[in-house]
Amino acid sequence: MVLEDGIPKDFADQLLSALTQFGLIFLLLTLVAFAVGFLVLAIRYGPLPAGDKIYRVLLQMLSDLGGSRLRRIFALARLAVLESIRKRVMIVFVLFSLIMIFAGWFLDTGGYDPGRGYLFFVLWTTKILIWLLAALISALSLPADLKSRTIYTIVTKPVRASEIVLGRILGFGMVGTALLIAMGLLSYLFVVRGVDHTHTIDPEALRDVKGISGKVVAKKGLTSKDHGHEHDVTIDLDKATGYTNVREGHWHEVIANDPKDLSKGYTLSKPLDLLNARVPIYGKLQYLDRQGHEGRGISVGNEWEYRRFIEGNTLAAAIWTFKGVTKANFPPEKFKDGLPIDLSRIDVFRTRKGDIESTVRGSLALRNPKTKVTSHAESFNSKKAYIDHHVIPWKLEREVIKTQAGATKDKSAGPLDLWEDLVDDEGQLEVILKCEENAQFFGVAQPDMYLLADEGSYRVNFFKGYLGLWMQMMLIIGVGVMWSTLLTAPVALLATASTVLLGQQTQFINDALNSILYPTHDKAVWGGGPIESLIRGFTQDNVTSDFKVTGATAIQFMDKILMWLVWLVSKIIPDFKKFDNSHYLIEGFNIPASVWGSQLVDLAGYMILMFLIGYMFLRNREVAA
């Protein structure tokens, strides 16, 4: 469970970047629109009349926008809602409910992490249905009114073009929001009910575990098999409580029904660590090579270089430097046992034969970034595909130094205090990860380790995930209404679908542009630009080989021009993937305010842009002629 997309930026940085990008694109698009309009009008009427007409259009637009009234906008929005109801959009919710009723028969509850499966299913089902609904009602409504001439009853009244566009967007948005809220509530109940389960324990089937003195100190055994799995269970007789092992991404707490009479049986809690909203604090990662020098980590031949490896039983290490390690973020009265550290994923690369399911031994140590005082390295066994929870106590032993004569402890007296000795005066702390087995490798990336600052509300986080779906739905409604003011119904629907599909590929377009402009870019795409790729396809030339054809320089120059045009289009078209927060929800991380806050700012910018374009389209259609 790891956020492969990396660490979210600070809200202020994202906001500044979003506003700057939107301002530049809006200014550029406005200049292009007026330049094209002036050129067309100049050819038809001459330069001076063309300038006069553009000036009058600007004055009329400002008058329309300034004269818009909320009462008329909401009246038109109400008409859009009634129109959607007449078209029986509630069928979407009925269909969704039927899918939820029967989906439980087919979803696997005994997989590695059933919570992920349930979340993935409900999110994608909701997304597909709500996207289809948004595209259909927004792209087909206005062209249908124009074709049936019902729009005439509206434009003959004192209604402005800006109010028609805003009313459509607002009305369809209200319909979609109501349906999405209902689908979100049903999805939440479906997920929680689907993963909720418990087990039973037969007290007579438990076996005794004796301590050093020969006294029975604990009991071990198996739980009943429910939801396709069972757990190993360990019960501490002194505390009359216990725990199960981790299976299918979760575990259970065990509590005796009667602490004084354990023969009365035990009760297991609901599954823990299955549906989470973890609030992490990420650090900055650096690698050390086998000699202990700073490096980039080892590549083991994987095509994806995102995760690098460190060699076992050497000086190689992965070191995370965390900021914000303060008592305000980790108050000792709340974190009584120590500082919580999670390893969300460790890849293991093996260079010798063995049991692939067996664990590999590693170690964790803490170090002061300034004084370099280091704690004793605590050993652990890697847990691939599971979150490995560690709690570092506030008091630690000092580092064990390996010498030729043998291992010796740091000669400094007394144990280490985490706050006084290991966290520097700026709230920074280094955590050192090593692989301790010879000829084995640990693979890690920056988001793989984090400090667990808090556990947020999963219920709130679930609906923050659906907030991302709502923003995507509103974007589709805005795009659909914009195209419907210019095109006929089928063409508007096709244009809306094309815009959404292109909006899913904006990151790939940026990577392709970087591959042409900056061939050494870490996310460069092999194969060149459109023309070069087409030629390579015909000649069956390898994408990694040098491009050697007649006129290669000219072709690559034209590719750069084409890619700049495509880049401009990709910046105008909304990046739909940017508004997708499902990976946070599925991986069990709290969706930060810096993410959804900047998304709302981007949404507002795109909606303003699409409203203005839709207004200009509708203003020039002469609907009342």
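Use the structure listed above.
As the structure is a prediction and not an experimental result, all values here were calculated from the model.

Criteria and thresholds
Residues numbered from 1 in each chain as written. Predicted model: local features only at pLDDT ≥ 70, side-chain atom pairs only at ≥ 80, totals over all residues. Heavy atoms only, no water. Helix = DSSP H or I, 4+ residues; strand = E, 2+ residues; numbered from the N terminus. Buried < 20%, exposed > 50% of the residue type's maximum accessible area, 1.4 Å probe, protein only. Contact = heavy atoms within 4.5 Å. Areas by Shrake-Rupley, 256 points an atom, 1.4 Å probe, with all protein chains shown as cover. Core = buried A, V, L, I, M, F, W, Y, C linked by side-chain atoms within 4.5 Å. Salt bridge = Lys/Arg side-chain N within 4 Å of Asp/Glu carboxyl O. Pairing = 2+ DSSP bridges. Axes fitted to C-alpha atoms, helices over the stretch in contact; angles between N-to-C directions. Parallel < 35°, antiparallel > 145°, perpendicular 65-115°, else oblique. Left-handed = near helix turned anticlockwise from the far one by under 90°. Nonpolar A, V, L, I, M, F, W, Y, C, P; charged D, E, K, R; others polar.

Draft legend 1. Looking closely at the overall build of the protein chain. When helices and strands are tallied, the protein chain shows 15 helices and 22 strands. Counting across all 625 residues of the protein chain, residues that qualify as buried make up 44%. Taking all contacts inside the protein chain whose residues are at least 6 apart in sequence as the whole, residues at least 24 apart take part in 72%. Of the roughly 33200 Å² of accessible surface on the protein chain, 61% is carried by carbon and sulfur atoms.

Draft legend 2. Molecular detail of the nonpolar core. Within the largest apolar cluster, 62 residues are counted, with the highest numbers of intra-cluster contacts made by Ile130, Val191, Phe462 and Ile477. Of all the elements in the fold, those that place two or more residues in this core are α3 (70-86), α4 (91-103), α5 (114-148), α7 (161-195), α9 (458-484), α14 (582-587) and α15 (593-619). Leaving out residues up to four positions away in the same chain, isoleucine 477 has contacts with Ala134, Ser138, Ile169, Phe172 and Gly173. Membership of the second largest hydrophobic core comes to 37 residues, among which are Ala318, Ile341, Val348 and Leu366.

Draft legend 3. Fine view of unusual backbone geometry. Backbone geometry places asparagine 313, a non-glycine residue, at a positive phi of 60 degrees. Residue position: asparagine 313 is located in the loop between β9 (308-311) and β10 (317-322). The exposure class assigned to asparagine 313 is partly exposed, which follows from its relative accessible area of 46%.

Draft legend 4. Structural context of the pattern of salt bridges. With the rule as written, the count across this model stands at 17 salt bridges. When the shortest N-O distance is used, the salt bridge between aspartate 448 and arginine 307 registers 2.9 Å. A residue pair is termed long-range when its members are at least 10 positions apart, and aspartate 448 in the loop between β21 (440-444) and β22 (449-455) and arginine 307 in the loop between β8 (294-295) and β9 qualify at 141 residues. Residue aspartate 448 shares its accessibility class with arginine 307, and that shared class is buried. Note that lysine 372 is salt-bridged to glutamate 430, the shortest N-O span being 3.9 Å.

Draft legend 5. Expanded view of the sheet that holds strand β2 (residues 216-222). Sheet architecture is open: six strands sit in the order β1-β2-β3-β4-β5-β6, paired in antiparallel fashion. Lying at the two open borders of the sheet, with one neighbouring strand each, are β1 (207-210) and β6 (266-268). Across this sheet, the average inter-strand angle for adjacent strands is 25 degrees, counted without regard to direction. Where strand β5 (residues 253-256) meets β6, three bridges bridge the pair, whose relative direction is antiparallel. Bridge pairing in β6 places isoleucine 255 opposite threonine 267.

Draft legend 6. Highlighting the pairing of β9. Burial of the side chains of β9 extends over both faces: Arg308 and Ile310 are buried on one face and Phe309 and Glu311 on the other. Looking at chain direction, β9 and β21 are connected through four bridges and run antiparallel. Across the sheet, the residue bridging to isoleucine 310 is phenylalanine 442, located in β21.

Draft legend 7. Up close: the sheet that holds β21. Ordered in space as β9-β21-β12, the three strands form an open sheet in which the pairing is antiparallel. At either margin of the open sheet sits one strand with a lone partner, and together these are β9 and β12 (347-350). This sheet shows a mean twist of 30 degrees between the axes of neighbouring strands, independent of strand direction. Relative to β21, β12 runs antiparallel, the two being bridged by four bridges. Directly across from aspartate 347, in β21, lies its bridge partner glycine 443.

Draft legend 8. Representation of the packing of α7 against α15. Relative to each other, α7 and α15 sit at 130 degrees, their axes nearing to 9 Å. One way to sum up the angle between α7 and α15 is to call them oblique. Of the two elements, α7 crosses α15, and the hand of that crossing is right-handed. Between α7, through Ala161, Ser162, Ile164, Val165, Leu166 and Ile169, and α15, the contact on the second element is made entirely by Met607, Phe611, Gly614, Tyr615 and Leu618. Counted by class, the contact of α7 with α15 contains nine nonpolar, two polar and no charged residues.

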